[in-house]
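What the coordinates show
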Amino acid sequence: MSQRVVVAGGAGYIGSHVCVELMSRGDQVLIIDDFSNAHPEAVERIRELSDNDLTLLHRDLADPAHKDDIIKAVTSFKPDGAIHLAGLKAVGESVAEPARYYRVNIGSALTMIEALEAANAKTIVFSSSATVYGEGNPNPVNEAGNTAPTNPYGRTKYFIEEMLKDLAKGDPEWRVVNLRYFNPVGAHPSGRIGEDPNGIPNNLFPFMAQVAVGKREKLSVFGNDYPTRDGSGVRDYIHVCDLAKGHAAALDFLAQESSTGATDINLGAGRGYSVLEAVAAFKRASNREIPYEITPRRDGDIAEIYADASRAESLLDWRAEKTIDEMCADHWRWQSQNPNGYKS
Ligand code: WQD
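Residues take numbers from 1 onward in each chain, read along the sequence in its written order. Selection of residues for local features in this predicted model requires a pLDDT of at least 70, selection of side-chain atom pairs for listing and counting requires 80 or more, and totals for whole chains, interfaces and linings are taken over all residues. Here the side-chain values reflect all heavy atoms present in the structure, with hydrogen atoms and water set aside.

1. Section: the sheet that holds strand E1 (residues 4–8)
Stated formally: We treat two strands as partners when DSSP finds at least two bridges between them. Numbering goes from the N terminus for both helices and strands, where a helix is a DSSP run of H or I of at least four residues and a strand is a run of E of at least two. For helices, the fitted axis covers only the stretch in contact; all axes are lines through C-alpha atoms, and the angles between them, taken along N-to-C directions, range from 0 to 180 degrees. The contact criterion used is simple: two residues touch if any of their non-hydrogen atoms lie within 4.5 Å.
Ordered by their spatial adjacency, 7 strands build an open sheet running E3-E2-E1-E4-E5-E6-E11, and the pairing between neighbours is parallel. Single-partner strands in this sheet number two, and they are strand E3 (55–57) and strand E11 (261–267). On average, adjacent strands in this sheet sit at an angle of 20° to one another, irrespective of strand direction. Relative to strand E4 (residues 81–84), E1 is paired through 4 bridges, and the arrangement is parallel. Residue pairing in the sheet places Val6 in a bridge with Ala82 of E4. Contacts between helix H5 (residues 98–118) and the sheet are confined to E1, E4 and strand E5 (123–129), with E4 contributing the most and set at about 175° to the helix.

Structure below.
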């Protein structure tokens, strides 16, 4: 049965793919986005790809002056629940501006919670991150792993997870899934929506794509002296469309009568690729050279992390299906067809 879903941050990279997935299956969506890290054109393309309409509220969940409008819009939308993706997400920036990260990320989540309570729709899928695990967990990392985030961004994710667990402990009407993303990459196969970072990309895939398309001269590989297969960092890359399906599956899981409480669930492919392996895959997909140089390690990076995704398989009947080559081919199609992202 179709659901009515508030998607906070729905115009962003992950959010736009989640909205296409939900709307394509007939769900009704209200997007709340301040467009600080998203483009209005993405909303038009979500409508185009899902052949469905959506309601858009251009407001900032972290701005107290917007709270009344947000609560009014969410209440009148009569949602079944929400997917909360809105927030700042750059690890390095969070180290430089911790107060802003706590104010924006935790403030946005608190407003989302208040709006859902007002709408009597106490169901939320939260966009968490494998960054909550910190270092020292044996791979593959499962949800019982030690949570010890090593940066303010990761701590905002951890604190919001804990807030949601406290809500569920105090009120059985709250149904919560904390989705711990590993490394989302790729783009919708149409090439019409994708990652469009502001300024210099922090993450490997968007940077690599910009090198391939000629926007950047070369990639810095942050260290090749890690204790890994080829010395470069290993991560669990997951196609953003697989990730989007995981959100739809989490909503269906929470819609079951038996669902209650809060559940942490990893969304990862369950295997890792090194930086150099990812570069080789992107080169194959784009048929472009990707010049790189080995540079010192990046502060805060860990050598290797990849997911134990068995809980997602057993609880959500979900598993990542797309290969690293599909991730690279789809990311490249988006980048090459939209060299300036959504800016025409
Ligand atoms: C991947 C690998 C780098 C850039 C972070 C956040 C996580 C999520 C994804 C928001 C590492 C190497 C990178 C570059 C490189 N963010 N690298 N040169 O750090 O695993 O995860 O982004 O949701 O929460 O923690 O992703 O893409 O930055 O790095 O060599 O220019 O690529 O050292 O090994 P990361 P990443």
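This is not the end of the story, as more comes after the structure.
2. Regarding the pattern of salt bridges
Convention followed: Each reported salt bridge corresponds to a side-chain nitrogen of Lys or Arg within 4 Å of a carboxyl oxygen of Asp or Glu. Relative accessibility thresholds used throughout: buried, under 20% of the residue-type maximum; exposed, over 50%; partly exposed, between the two (1.4 Å probe, protein chains only).
Going through the model one piece at a time under the given rule, you end up with 29 salt bridges. Its salt-bridge partner being Glu114, residue Lys67 comes within 2.9 Å of it at the nearest N-O pair. Highlighted residues: Lys67 in helix H3 (residues 67–77) and Glu114 in helix H5, separated in sequence by 47 residues. Residue class for Glu114 comes out partly exposed when judged on its relative accessible area of 34%. Here Asp225 and Arg297 are joined by a salt bridge, their closest N and O atoms 2.9 Å apart.

3. Structural notes on the site of the ligand
So the rule is basically this: Throughout this document, a residue counts as near a molecule or strand when at least one of its heavy atoms sits within 4 Å of that molecule or strand. By the criterion applied in these results, polar contacts are pairs of N or O atoms within 3.5 Å in which, for protein atoms, one can donate a hydrogen and the other can accept it, and in which residues neighboring in sequence qualify only through two side-chain atoms. Any residue that is not Ala, Val, Leu, Ile, Met, Phe, Trp, Tyr, Cys, Pro, Asp, Glu, Lys or Arg is counted as polar, Gly included; the first ten are nonpolar and the last four charged.
The full set close to the ligand counts 19 residues, and Ser129, Thr131, Ser220, Arg235 and Asp301 are the nearest of them. Residue Tyr153 places a side-chain N or O atom 2.9 Å away from an oxygen atom belonging to the ligand. The dominant element in the shell around the ligand, judged by the number of residues it contributes, is strand E8 (residues 219–222), at 4 residues. When the residues that make up the shell around the ligand are grouped by side-chain class, the tally is 8 nonpolar, 7 polar and 4 charged.

4. What to know about the side chain of Asn151
For Asn151, the position within the fold is in the loop between E5 and helix H6 (152–170). If we ignore the near neighbours within four places in the chain, the residues touching Asn151 are Val91, Ser94, Val95 and Thr131.

5. Remarks on the environment of Ala309
Considering the arrangement of structural elements, one finds Ala309 in the loop between strand E14 (304–305) and helix H10 (310–316). For the pair Ala309 and Ala269, spaced 40 residues apart in the sequence, the C-alpha separation amounts to 6.8 Å.

6. With respect to the pairing of E5
Threshold: A clockwise course of the path from the first strand over the helix to the second, judged with the strands pointing away from the viewer, identifies a crossover as right-handed.
Buried residues dominate E5, accounting for 7 of its 7 residues. Residues Thr123, Val125, Ser127 and Ser129 of E5 are buried on one face, and the alternating residues Ile124, Phe126 and Ser128, pointing to the opposite face, are buried as well. The sheet contact formed by E4 and E5 spans 3 bridges and is parallel. Residue pairing across strands places His84 opposite Phe126, the latter belonging to E5. Across 7 bridges, the pairing between E5 and strand E6 (residues 175–181) is parallel. Following the sheet pairing, Ser129 is matched in E6 by Tyr181. The handedness of the E5 to E6 crossover, carried by H6, is right-handed.

7. Notes on the environment of Ala303
Mapped onto the elements of the fold, Ala303 is located in the loop between strand E13 (292–295) and E14. Ala303 sits 206 residues away from Glu97 along the chain, and the two C-alpha atoms are 25 Å apart. Beyond its immediate sequence surroundings of up to four residues, Ala303 is in contact with Tyr226, Pro227, Thr228, Gly233, Val234 and Arg235.

8. Quick word on unusual backbone geometry
It is generally the case that most residues other than glycine have a negative phi and that most peptide bonds are trans. For the bond from Asn139 to Pro140, the omega torsion is -5°, close enough to zero to count as cis. Tracing the backbone through its elements, the reader meets Pro140 in the loop between E5 and H6. Unlike most non-glycine residues, Phe35 shows phi in positive territory, near 60°. By secondary structure assignment, the location of Phe35 is in the loop between strand E2 (28–32) and helix H2 (40–50). Here Asn120, not a glycine, exhibits a phi torsion of approximately 50°, which is positive. Structurally, the position occupied by Asn120 is in the loop between H5 and E5.

9. A word on the packing of aromatic side chains
To be explicit about the condition: When two rings of Phe, Tyr or Trp (its six-membered ring) have centres within 6.5 Å they constitute a pair, described as stacked for plane angles under 30 degrees, edge-to-face for angles over 60, and tilted for the intermediate range. Sitting over a ring, as applied to charges here, requires NZ of Lys or CZ of Arg to be within 6 Å of the ring centre and within 35 degrees of the ring normal.
Scanning the entire structure with this criterion turns up 7 aromatic pairs. With centroids separated by 4.9 Å and ring planes inclined at 50°, the aromatic side chains of Trp334 and Tyr342 adopt a geometry described as tilted. A relative accessible area of 1% means that Trp334 is categorised as buried. Judged by its relative accessible area of 7%, Tyr342 is buried. Between the NZ or CZ atom of Arg297 and the centre of the ring of Tyr226, over which it lies, the distance is 4.1 Å.

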